[in-house]
Amino acid sequence: MTEQPQYRRRVGSVRPSHLMYTGGVGALVDLPNFAVLVRGIDDWNYDSFDWTDLKEPRLLRAVNGLLGDQNGSQVTQLRPAPWTDGTDSDPSGPAARVGVPVLPFPQWLRCTACNALGGLDSKIFKFENAKPRRPDHARFFHENCTAKRKGKRPLAVAARFVLTCSDGHLDDFPYTWFVHRGGECDKASHPRLEMLDHGGNQAANVKVRCVNCGKDRNIRDAMGQRGESTLPRCRGRHPHLATFAPQGCLQSPKPLVIGASNQWFAQTLSVLAVPPTSGSALQGKVEQLWGDLQAATSPEILNAFWGLQQFRPLHQWSQSEVWEAIEAQRSGAQDTPAAQPPSYPDLLTPEWEIFTSPQVPEPTEDFALHDVPVPPALSGVFSHVVQAERLREVRALIGFTRLDAPDPEDPTLVARAPLSRARVPSWVPASEVRGEGIFLRVEDSLVADWEQRVEASAALAAHRDAYVEFRRNRYSGRVQDADDPLRGWPGARYIALHTLSHLLIRAISLECGYSSASLSERIYAGHEDDRRTGILIYTAVPDAEGTLGGLVSLAEPEKFVRIVQRALRDAQRCSSDPLCADRMPRPPHEDFLHGAACHVCLFVSETTCERGNRFLDRRFVVPIDDPELVLLQNLK
């Protein structure tokens, strides 16, 4: 389909952020008239236009920490999505041929007039995309439909079902095999099928019938436990790469409706482009040159290497400082046992160090901070208020999962599907957004005292128990009995900071000029003895530009006091009370992982929240229940 001109024409458009979180490589994208699958990065073409990769060394190191291998294969570039200007002025010109390649999927279609069901290889369906300025008119049609009226060619839409498995494979639903119960049609070698779809979201409303032999079967037979015995084994297919698993697949496939939200979950990494602190900059250089530096087993050997060309970037530090960094790198590698559970790279520590540094770094085009005095009315609550006048966030897509979302603490718990046919790709898709933000550091002593008060409370115990049950239910079959049941538990401090962040986002969005969906959060809560207590609220959508000052201006003392007071005042009541105020994360609510929180009082858009509106509870911030649970007891 890729050779003819009409197949090289646009069929739709998405934003770069859409390719990161909603419909990236391997995802089904539902267009007005049919569905498409985004192809692997091997098929993305960058030869016909000028482009530059996104430079962010810290993110590139993190990507290689998860995708690189011991043989030296590394990701070397973070590439933006292929795009060039000029499509609007000349929809048939060179710019119209630049874009992300897709293929129709599922490759079984149903005629909306006569219910004929067939694959694209059956040749009964044709494709048209004759209007360059109207990609939404691209469609498949049934050319020889017996039910067509007045010469109209009936629309053919994607058949509703696909098969997928927890290893990330995706395949067409085996309609012929299914309706004939694993056998063949007695009347024809290539039987004609029809799908009787009565609408609705229930599989029981869909029946497949063989026109030649008359056999029929309801799709409900493929669902649930019954489907495990009626469907064939997974073929290990990755249609976005046009490959099959060499050794096959041992997982049982599960049928999904093509619009199901669990058919694709992005696995991404994102960083803020912060200037390195002196320590992290040196350590970063040592990591970068570790292939050569690991041979320096003594200060004398380092001195012998010192004059080599590749070590010139280290000359801004003394040899003793470099030697200490080498020792730290070596001990870190040796102290990590092979049996230690894998985890995501630490991307927040350098940001925390910059935001809490007593000395504001020199402004750059990507990063500029300005300290603001903490208002006297909030002096016991916040120890730092920082205006981030310029921010740059870079995001990279490293893979995707199906059926289950990636675990936020363990990158290998859910099988990650690859972006390319290569074992380690040379580049990964990335995007960048520029914006502004407000960083808040909550008073350390305030949070420490609060943690001691709530540690033995029934409310926090309910949150912990719900998390254990949630993780067992969500990752059933993957989480072993010997695993730490609280692995990945964010802790009480995170719940309090996360709740406060949502309260402020909702109050800020009413005054800053951006909708709450245009804002994002980063919670700096640390783990165990790491006493971080920070919140960053920032603009993070490409169309907002985010540097107009509407957000950072709210950090000015008078405005900021008004915002905080409004947020806390609004949190004390909810139109869903008393149901909301009384809610605890206990049966049957484990899967919600929130307490006193709902769409009226605390929830924000999924693009704003870093944890999908989980780990929220108003009772830990404002007095709606036991006063001893409240973080901000004396603030009104």
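Because the structure is a prediction, the values reported are computed rather than measured. (Residues numbered from 1 in each chain as written. Predicted model: local features only at pLDDT ≥ 70, side-chain atom pairs only at ≥ 80, totals over all residues. Heavy atoms only, no water.)

### Quick notes on the overall build of the protein
The helix and strand tally for the protein stands at 14 helices and 23 strands. Taken along the three principal axes of its C-alpha coordinates, the protein extends 80 × 70 × 55 Å. For the protein, buried positions account for 50% of its 636 residues. For the protein, the share of sequence-separated contacts (at least 6 apart) that also reach a separation of at least 24 residues comes to 70%. When the accessible surface of the protein is split by element, carbon and sulfur atoms take 48% of a total near 30300 Å². The centroid of the 72 positive side-chain charges in the protein is displaced by 11 Å from the centroid of its 78 negative side-chain charges. (Helix = DSSP H or I, 4+ residues; strand = E, 2+ residues; numbered from the N terminus. Buried < 20%, exposed > 50% of the residue type's maximum accessible area, 1.4 Å probe, protein only. Contact = heavy atoms within 4.5 Å. Areas by Shrake-Rupley, 256 points an atom, 1.4 Å probe, with all protein chains shown as cover. Lys, Arg positive; Asp, Glu negative; His and termini not counted. Charge placed at Lys NZ, Arg CZ, Asp CG, Glu CD.)

### A word on the pattern of salt bridges
A full pass over the atoms with the stated rule returns 33 salt bridges. Put simply, Arg522 and Glu393 hold a salt bridge, and the shortest N to O gap is 3.3 Å. Pair noted here: Arg522 is in strand β22 (residues 519-524) and Glu393 is in strand β20 (residues 382-401), with a separation of 129 residues, a long-range link. Glu393 shares its class with Arg522; the two are buried. The partner of Glu469 in a salt bridge is Arg472, with the nearest N and O atoms 2.9 Å apart. Here Arg472 and Glu469 lie together in helix α11 (residues 458-474), a separation of 3 residues that amounts to about one turn. Residue Arg472 is classed as partly exposed on the basis of its relative accessible area, which comes to 45%. Sharing partners across several salt bridges, the network here consists of Glu56, Asp366, Arg392, Glu432 and Arg434. (Salt bridge = Lys/Arg side-chain N within 4 Å of Asp/Glu carboxyl O.)

### Side note on the nonpolar core
Counting 65 residues, the largest nonpolar core has Phe382, Leu500, Leu504, Ile508 and Leu568 as its most contacted members. Residues Val98, Ala156, Val271 and Ala430 belong to the second largest nonpolar core, which totals 48 residues. (Core = buried A, V, L, I, M, F, W, Y, C linked by side-chain atoms within 4.5 Å.)

### Re the sheet that holds strand β7 (residues 125-128)
Spatially, β7-β8-β9-β5-β6-β12-β13-β14 is the arrangement adopted by the 8 strands of the open sheet, whose pairing is antiparallel. The sheet terminates laterally at β7 and β14 (216-218), the two strands that pair on one side only. Between one strand and the next, the sheet's axes are offset by a mean angle of 35 degrees, whatever the strand orientation. In this sheet, strand β6 (residues 116-119) lies alongside strand β5 (residues 108-111) in antiparallel orientation, the contact comprising 3 bridges. Looking at the pairing, Arg110 lines up with Leu117 of β6. (Pairing = 2+ DSSP bridges. Axes fitted to C-alpha atoms, helices over the stretch in contact; angles between N-to-C directions.)

### Here we look at the side chain of Arg395
Structurally, Arg395 is set in strand β20. Looking at Arg395, the relative accessible area reads 5%, which means it is buried. Polar side-chain contacts of Arg395 include one of 3.1 Å to the side chain of Glu393. Once you skip the residues sitting within four places of it in the chain, Arg395 turns out to touch Ser17, Met20, Tyr21, Leu59, Leu269, Ser270, Pro429, Ala430, Ser431, Val433 and Ala540. (Polar contact = N/O pair within 3.5 Å; in protein donor to acceptor, adjacent residues only side chain to side chain.)

### Focus: the packing of aromatic side chains
Any aromatic ring pair is given by two values, namely how distant the centres are and how the planes are angled relative to each other. Evaluated as defined, the whole model comprises 25 aromatic pairs. Judged by centre distance (5.4 Å) and plane angle (90 degrees), the rings of Phe34 and Phe140 are edge-to-face. Highlighted residues: Phe34 in the loop between β1 (28-30) and β2 (35-38) and Phe140 in strand β8 (residues 139-142), separated in sequence by 106 residues. Residues Phe34 and Phe140 agree in their burial class; the two are buried. When the ring of Trp352 is compared with that of Phe439, the centres are 6.0 Å apart and the planes differ by 70 degrees; the resulting orientation is edge-to-face. With Trp352 in helix α9 (residues 349-355) and Phe439 in strand β21 (residues 427-442), this pair connects stretches of sequence that are 87 residues apart. Accessibility assignment for this pair places Trp352 and Phe439 in one class, buried. What links up through ring pairs into an aromatic cluster is the set Trp44, Tyr46, Phe49, Trp51 and Trp427. Across the ring face of Phe178, the terminal group of Arg217 is positioned such that the distance to the ring centre comes to 4.5 Å. Sitting over the ring of Tyr494, Arg611 keeps its end group 5.3 Å from the ring centre. (Phe/Tyr/Trp six-rings, centres within 6.5 Å; stacked < 30°, edge-to-face > 60°. Lys NZ or Arg CZ within 6 Å of the ring centre and 35° of its normal.)

### Side note on unusual backbone geometry
Note the cis peptide between Phe105 and Pro106, where omega equals 0 degrees. By the secondary structure assignment, Pro106 is in the loop between β4 (102-104) and β5. Following Asp577, the chain continues into Pro578 via a peptide bond in cis, with omega recorded as 5 degrees. Note on placement: Pro578 falls in the loop between α13 (557-571) and α14 (579-582). Despite not being glycine, Asn115 has its phi angle at roughly 70 degrees, a positive value. Tracing the backbone through its elements, the reader meets Asn115 in the loop between β5 and β6. You will see that Lys123, though not glycine, has its phi angle at about 70 degrees, which is positive. Along the chain, the position of Lys123 falls in the loop between β6 and β7. Owing to a relative accessible area of 63%, Lys123 belongs among the exposed residues under this scheme.

### Regarding the pairing of strand β9 (residues 155-158)
By the bridge criterion, 3 bridges tie β5 to β9 in an arrangement that is antiparallel. When the bridges of β9 are listed, Cys111 appears paired with Ala156. Alignment of β8 against β9, held across 2 bridges, turns out to be antiparallel. Within the sheet, the bridge partner assigned to Phe140 lies in β9 and is Ala156.

### A short note on the environment of Cys111
Structurally, Cys111 is set in strand β5. For the pair Cys111 and Ala295, spaced 184 residues apart in sequence, the C-alpha separation works out to 67 Å. Not counting chain neighbours up to four residues away, the residues in contact with Cys111 comprise Ala116, Phe125, His142, Cys145, Pro154, Leu155 and Ala156.

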